[in-house]
Amino acid sequence: MCLPADMRARVLRSTLDTVADEIRGADLTPALAARLNGMLADARRHAVDLEKTLRPVPAAILAPVSPRPSRRFVGHSEPGSNVIALRAG
């Protein structure tokens with residue numbers, strides 16, 4: 001699977017939710033269903049923690065990028081000359 005680690009943890013959590021739904025629909029004894037649901041709830045909590053831990057830090061938080069100075073080139077020519085001076089504006 002070529003997904004980032006946090007997305008794989010999300011897929012794991014989703015899969016555990018699906019398994020919990022299947023257990024509810026199965027004809028299991030109440031003791032076995034409770035035991036399996038307890039294990040799934042624990043695994044789901046770990047998947048959520050893993051997802052939060054592996055979530056990438058937004059780039060804006062890492063290092064604010066200072067805006068580059070905008071350069072507007074304005075051509076000015078001297079009378080009688082074809083030399084153009086460019087100024088940063």
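Everything numeric in this text was worked out from a predicted model, so none of it was measured.

**As for the packing of helix α1 (residues 5-25) against helix α2 (residues 30-54)**
How two helices sit against one another is set out by the angle between their axes and by the gap between those axes.
Right, so step 1: Contact geometry of α1 with α2 gives a least axis separation of 8 Å together with a crossing angle of 165 degrees. Considered as vectors, α1 and α2 are oriented roughly antiparallel to each other. Between α1 and α2 lies a crossing whose hand is left-handed. Across the interface between the two elements, Ala5, Asp6, Ala9, Arg10, Leu12, Arg13, Leu16, Asp17, Val19, Ala20 and Ile23 of α1 pack against Ala33, Leu36, Asn37, Leu40, Ala43, Arg44, Ala47, Val48, Leu50, Glu51 and Leu54 of α2.
Right, so step 2: Partitioning the contact of α1 with α2 into residue classes produces 15 nonpolar, one polar and six charged.

**Things to note about the confidence of the model for the protein**
Right, so step 1: Per-residue confidence for the protein averages 75 on the pLDDT scale, and 62% of its residues sit at or above 70.
Right, so step 2: Strand β1 (residues 73-77) is the least confidently modelled element of the protein, averaging 54 in pLDDT, while α2 averages 87, the highest of any element.

**With respect to the nonpolar core**
Right, so step 1: If you look at the biggest cluster of nonpolar residues, it comprises six residues: Leu16, Ala20, Ile23, Ala33, Leu40 and Ala47.
Right, so step 2: Taken together, the elements giving at least two residues each to this core come down to α1 and α2.
Right, so step 3: Not counting residues within four places of it along the chain, the set of residues in contact with Ala47 comprises Ala9, Leu12, Arg13 and Leu16.

Analysis parameters
- Residues numbered from 1 in each chain as written.
- Predicted model: local features only at pLDDT ≥ 70, side-chain atom pairs only at ≥ 80, totals over all residues.
- Heavy atoms only, no water.
- Axes fitted to C-alpha atoms, helices over the stretch in contact; angles between N-to-C directions.
- Helix = DSSP H or I, 4+ residues; strand = E, 2+ residues; numbered from the N terminus.
- Parallel < 35°, antiparallel > 145°, perpendicular 65-115°, else oblique.
- Left-handed = near helix turned anticlockwise from the far one by under 90°.
- Contact = heavy atoms within 4.5 Å.
- Nonpolar A, V, L, I, M, F, W, Y, C, P; charged D, E, K, R; others polar.
- pLDDT = per-residue confidence, 0-100.
- Core = buried A, V, L, I, M, F, W, Y, C linked by side-chain atoms within 4.5 Å.
- Buried < 20%, exposed > 50% of the residue type's maximum accessible area, 1.4 Å probe, protein only.

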